[in-house]
Number of protein chains: 2
Amino acid sequence: MNWDNRFASRTAQMKRSTVREILKLTAQPGVISFAGGLPAPEFFPVDRIREVSDIVLAERGREVLQYSTSEGMPELRGWIAERMSKGALKISPDNILILSGSQQALDLVGRVLLDERDVVIVENPTYVGMLSAWKPYDIQFTAVPTDQDGMIVDELEPLLQPGDAKMLYTIPSFQNPQGTTMSRPRRAKLAALLQQYNLPVYEDDPYGELYFDGEKMPSVLEMEAAQRGTTSIEDCTTIYAGTFSKTLTPGLRVGWVAAAYPVIDKLVQAKQATDLHTSTLSQFITYEMIRDGKFLDDHVANLRKVYRERRDLMLATMDRCFPAEVTWTRPSGGLFTMVTMPEHLNAVDVLQEALKQNVAFVPCDGFFIGETGHNTFRLNYSNARPEMIVTGIERLGAVLKSLLTQA
Amino acid sequence: MNWDNRFASRTAQMKRSTVREILKLTAQPGVISFAGGLPAPEFFPVDRIREVSDIVLAERGREVLQYSTSEGMPELRGWIAERMSKGALKISPDNILILSGSQQALDLVGRVLLDERDVVIVENPTYVGMLSAWKPYDIQFTAVPTDQDGMIVDELEPLLQPGDAKMLYTIPSFQNPQGTTMSRPRRAKLAALLQQYNLPVYEDDPYGELYFDGEKMPSVLEMEAAQRGTTSIEDCTTIYAGTFSKTLTPGLRVGWVAAAYPVIDKLVQAKQATDLHTSTLSQFITYEMIRDGKFLDDHVANLRKVYRERRDLMLATMDRCFPAEVTWTRPSGGLFTMVTMPEHLNAVDVLQEALKQNVAFVPCDGFFIGETGHNTFRLNYSNARPEMIVTGIERLGAVLKSLLTQA
């Protein structure tokens, strides 16, 4: 049976995620991996999850294991709505849809909003999982350049003037792959542009809670509401996607989207057709863990501390061991830094050499719009223990020096 | 913000699932609901799930809560592959993809195989959740009539001759909504047609294990392999979708698809873009429960007994209380019977009257291709306790008699 001529034409746009394929290689023992976007499993609240699993199964077992609504567990929606209501902005549970991780928000928003050959404006580089989700719609991605302060919003306005952009996609906080954050003045400028052009924005915020310095930056959604002088998300064009994968654990697969009700209403319909609803057990466990607020706050405070130490250690080791021709971003939160090598080096070749030294990372070419980025790669510091960070970065420094000496 | 002109054109094809919307109404206390396709929660293996949740979290907590591969847990894929290998047919773990329930198989197969305006051949009536998943592709559904023995396969061949059908969709065992089963001779005829036309078939089999009489009927996949004289699923055009929702519990959201590797390979790529992977915890719990085989076998044997008793009670009460002008199917397994009323009655109107008596069901017009089926509705017997079955069917009989007397 030859299946090749049976597949849909959009299937040609699909390819295996490079990141996830590299992750498989790095599962081998002995490999020091900076490749994944994985949280540190040694800080998973395993005991607490054992406790609450037992509680919810003992107290509400039949409900926990039955089919449930596509919208998600009402208590969990209510908790998220309350948590997201800040200052003047009030969010109702009806504006929250529970999802099977925030990758699903990309999938469903793509389905509901994107027509074939639509124009979507993105940061360059941008999240490769968004590209995988939306490329099958044959989207025309238009790139806004970025720097240490995130998207260069001044370069956004000319892209809005043709009026053909369907949506803007941004990871404003601790971006994947760069680890950089859109500054507050740029967020304010973006909010003003949203008001002026009424452009839908997809705010992808998996890492926002993992800030290392000062306070949490206001979300684009909050800035937009303030700019518009509204208390209601119904007046906003921002579609906000959040997740518990980075603050609690990814294995439960619980995320959410917050948006104006007409958007949620369509997303619910798309979710019904996609997977009916998110695991009832995962939702109950999540809610039981976070309902008092305190456990989550303490847990995330600890993660911030641990990840900050790992970032510091990685950057210090890079300062010490990486050759002068190589540069990298200095993240103030999140999981990643991105390295830029001289143009004549290709990160895929460097990865081959690094793997010989049992060190892995993710080449970033797949994260870029246009034929660029071949000389960049992403390093994750959340998932490696301190001694591994030192050893791995030392080895990587040696690989880079050796390649630059040869060249 | 007016969102209406922002949505993708395919979004116009989406609508809320009638079934899931009715389910919300019926959640009110006092309502006797035959509406959902829900298993009986009083037989959920809650204690066993408490036990195994604790075991997997205690023994492999960090792994259970971390990101995992899109393909699914290797041990679970291996278990399913071995279970599905029957007689000459051998299935490898590489032919199995774990999904977040079997609705997701519909979604992913649609994405990977269906182009806009493709022709898909279906039983009439057919599963409304498949229609929701595939209608956004603007599919042309061609209907094969059905009777008590399932799809009338003799009427299928003329539909294959134009050569433009992309796929056949069937629920051969205890179909939703009818509860009917494709007879063995018809399965053999279908297998012969598959060999002749090499048509991809989507075999949706959520209910196959819930047979009440005799032995499990061989799947279309097994019949096709036998017809082709092959031991390998690689030679078959059947894509088989299974689930643990009806045999264990739906709340964990674990299903799977089995198919030739080229199909699995594309489905994995689509799954990566959709939700990365299925809940790691749900997969570990499922595997820990079923790994010895015996627990699942005993549990399903008990479900068969309980559901058979409920079917018997519902059919006997219908025989006693329903007016002579009304007919219904006699399922030999699964969860449903479908009722056909005289043409002048509309099931949506009857539902309004029934709800006044606190009884609910699902009108089947949404399950039909073409302008037919308005006078049919689906009754579920798995989810109602025996005393509720008697009371509910008695009330429904009275409603039907009253409406037929008025008319």
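Caption draft 1: Region of interest: the sheet that holds strand β8 (residues 238-243) of chain B. Residues and elements named next belong to chain B. Read across the sheet, 8 strands follow the order β2-β9-β8-β7-β6-β3-β4-β5 without closing on themselves; strand pairing throughout is mixed. On the outer flanks of this sheet lie β2 (96-99) and β5 (150-151), each paired with one strand and no other. For β2 and strand β9 (residues 255-258), the ladder comprises 4 bridges, and the chain directions are antiparallel. The partner of I98 across the bridge, within β9, is W256.

Caption draft 2: How the structure looks around the interface of chain B and chain A. Counting from both sides, the interface comprises 90 residues of chain B and, opposite them, 90 residues of chain A. Applying the counting rule to chain B against chain A returns 6 salt bridges. Measuring nitrogen to oxygen at the nearest pair gives 2.7 Å for the salt bridge that ties D107 of chain A to R111 of chain B. Linking chain B to chain A there are 38 residue pairs in polar contact (both at pLDDT 80 or more). Those elements that provide at least two residues to the side of chain B that touches chain A are α1 (18-26), α2 (46-64), α4 (103-113), α5 (128-134), α9 (261-275) and α10 (280-290) of chain B. Looking at the side of chain B that touches chain A element by element, the count peaks at 12 residues for α9 of chain B. Along the lines of polarity and charge, the residues of the side of chain B that touches chain A split into 37 nonpolar, 29 polar and 24 charged.

Caption draft 3: Representation of helix α4 (residues 103-113) of chain A. With 11 of 11 residues buried, α4 of chain A lies mostly within the body of the structure. Residues Q103, Q104, A105, L106, D107, L108, V109, G110, R111, V112 and L113 of chain A constitute the buried set of α4 of chain A.

Caption draft 4: Here's a closer look at the packing of aromatic side chains. Residues and elements named next belong to chain A. What the rule picks out here adds up to 18 aromatic pairs over all chains. Between W134 and Y202 the ring centres are 5.7 Å apart and the planes differ by 80°, which places this aromatic pair in the edge-to-face class. Residue W134 is located in helix α5 (residues 128-134), and its partner Y202 is located in strand β7 (residues 201-204); the two are separated by 68 residues in the primary sequence. As far as burial versus exposure is concerned, W134 and Y202 are alike and both buried. Ring centres of F212 and Y381 lie 6.4 Å apart, and the angle between their planes is 55°; this geometry places the pair in the tilted category. With F212 in the loop between β7 and α8 (220-228) and Y381 in the loop between β14 (376-380) and α13 (386-406), this residue pair connects regions lying 169 residues apart in the sequence. Across the pair, Y381 and F212 agree in class, each one buried. Put simply, the rings of W79, F244 and W256 touch in pairs and so form one group of aromatic residues. When the ring centre of F295 is taken as reference, the NZ or CZ atom of R48 above it lies at 5.5 Å.

Caption draft 5: How the structure looks around the relation of the copies chain B and chain A. Rotating chain B by 180° and moving it 0.0 Å along the rotation axis overlays it on chain A with an RMSD of 0.0 Å. Within this description, the copies of the chain are treated as partners about a two-fold rotation axis. A symmetric contact is evident, with 100% of the interface residues of chain B recurring at the interface of chain A.

Caption draft 6: Structural view of the side chain of E42 of chain A. Residues and elements named next belong to chain A. By the secondary structure assignment, E42 is in the loop between β1 (32-33) and α2 (46-64). E42 gets classed as buried once you look at its relative accessible area, which sits at 16%. A polar contact is formed between the side chain of E42 and the side chain of R310, at a distance of 2.6 Å.

Caption draft 7: Geometry of the confidence of the model for chain A. Model confidence for chain A is summarised by a mean pLDDT of 95, while 98% of its residues fall at 70 or above. Note on the complex model: pTM 0.96, ipTM 0.95.

Caption draft 8: Quick peek at the sheet that holds strand β2 (residues 96-99) of chain A. Residues and elements named next belong to chain A. Read across the open sheet, the 8 strands follow the order β2-β9-β8-β7-β6-β3-β4-β5; overall the sheet is mixed. Of all strands in the sheet, those with a lone pairing partner are β2 and β5 (150-151), marking the two edges. Two strands pair when backbone bridges link them, and strand β8 (residues 238-243) and strand β9 (residues 255-258) are joined in this way by 4 bridges, in the antiparallel orientation. The residue of β9 that forms the bridge with T243 is G255. Across the face of the sheet, α8 comes into contact with β7 and β8 while running at roughly 150° to β8.

Caption draft 9: Region of interest: the packing of α4 of chain A against α9 of chain B. Their axes nearest at 5 Å, the elements α4 of chain A and α9 of chain B cross at an angle of 100°. Viewed along their axes, α4 of chain A and α9 of chain B adopt a mutual orientation that is roughly perpendicular. Where α4 of chain A abuts α9 of chain B, its residues Q103, Q104 and D107 of chain A lie against Q272, A273, T274 and D275 of chain B. Tallied by class, the residues present in the contact of α4 of chain A with α9 of chain B amount to 1 nonpolar, 4 polar and 2 charged.

Caption draft 10: Just the domain arrangement of chain A, in detail. All names here are of chain A. For chain A, the assigned domains are domain 1 (9-45 + 296-406) and domain 2 (46-292). Spacing between the C-alpha centres of domain 1 and domain 2 amounts to 25 Å. The partner domain 2 presents 41 residues to the 34 residues of domain 1 that form the contact. Each partner contributes to the roughly 3,200 Å² buried at the junction of domain 1 and domain 2, and carbon and sulfur atoms together form 63% of this total. Three residues stand out in domain 1 for area buried against domain 2, namely P45, L296 and I369, and they jointly supply 22% of the buried area on that side. Between E209 and R304 there is a salt bridge, with its nearest N and O atoms 3.6 Å apart. Linking domain 1 with domain 2 are 16 residue pairs in polar contact (both at pLDDT 80 or more). Among the elements of the structure, α11 (294-321) and β11 (336-340) are those that each provide at least two residues to the side of domain 1 that touches domain 2. Ranked by the residues each element gives to the side of domain 1 that touches domain 2, the list is headed by α11, at 9 residues. A breakdown of the residues in the side of domain 1 that touches domain 2 according to their chemical character gives 17 nonpolar, 10 polar and 7 charged.

Caption draft 11: Region of interest: the pairing of strand β6 (residues 165-170) of chain B. All names here are of chain B. In terms of residue burial, β6 counts as a mostly covered element, since 6 of its 6 residues are buried. Both β6 and strand β7 (residues 201-204) contribute to a ladder of 3 bridges, which runs parallel. Within β7, the position partnered with T170 by the bridge is E203. This β-α-β element, β6 to helix α7 (residues 184-197) to β7, shows right-handed connectivity.

Caption draft 12: Examining the pattern of salt bridges more closely. A complete count under the given rule lists 52 salt bridges over all chains for this structure. Because the salt bridges share partners, they merge into one network encompassing D107 and R111 of chain A together with D107 and R111 of chain B.

Reading the values: the criteria
Each chain has its residues counted from 1, following the order in which its sequence is written. Labels follow written order: the first chain is A, the first ligand is 1, and so on. Where totals are concerned, whole chains, interfaces and linings use all residues; where local detail is concerned, this predicted model gives features only for residues with pLDDT of at least 70, and gives and counts side-chain atom pairs only at 80 or more. Computation of side-chain values covers all heavy atoms of the structure but excludes hydrogens and water. Two strands make a pair as long as DSSP finds a minimum of two bridges between them. Counting from the N terminus, the helices are the DSSP runs of H or I reaching at least four residues and the strands are the DSSP runs of E reaching at least two. Contact between two residues is taken to exist if any of their heavy atoms lie within 4.5 Å; hydrogens are not considered. Any carboxyl oxygen of Asp or Glu within 4 Å of a side-chain nitrogen of Lys or Arg constitutes a salt bridge here. Any N or O atom pair separated by 3.5 Å or less is treated as a polar contact, with the protein-specific requirement of one donor-capable and one acceptor-capable atom, and with residues adjacent in sequence counted only for side-chain atom pairs. Residues are sorted three ways: Asp, Glu, Lys and Arg are charged, Ala, Val, Leu, Ile, Met, Phe, Trp, Tyr, Cys and Pro are nonpolar, and all the rest, Gly among them, are polar. Summary of the burial criterion: residues with accessible area below 20% of their type's maximum are buried, those above 50% are exposed, and those between are partly exposed, where the area comes from a 1.4 Å probe applied to protein chains only. Working definition: rings of Phe, Tyr and Trp (its six-membered ring) pair if their centres are within 6.5 Å, and the pair is stacked with planes under 30 degrees apart, edge-to-face with planes over 60 apart, and tilted otherwise. Note on geometry: a ring has a charge over it if NZ (lysine) or CZ (arginine) is within 6 Å of the ring centre and within 35 degrees of the ring normal. Least squares is the method for superposing the copies, and the C-alpha atoms it fits come from residues with pLDDT of at least 70 in both. Known as pLDDT, the predictor's per-residue confidence is scaled from 0 to 100. The angle between two axes is taken between their N-to-C directions and runs from 0 to 180 degrees, where each axis is a line fitted to C-alpha atoms and a helix contributes only its stretch in contact. Here is the rule for angles: anything less than 35 degrees is roughly parallel, anything more than 145 is roughly antiparallel, 65 through 115 is roughly perpendicular, and the remaining ranges are oblique. What counts as a domain boundary in this text is fixed by an automatic or database domain assignment. Once two parts are joined, some of their accessible surface, as seen by a 1.4 Å probe, is lost; buried area is that loss totalled over both. Looking down the strands as they point away from you, a crossover is right-handed if its path from the first strand over the helix to the second goes clockwise.

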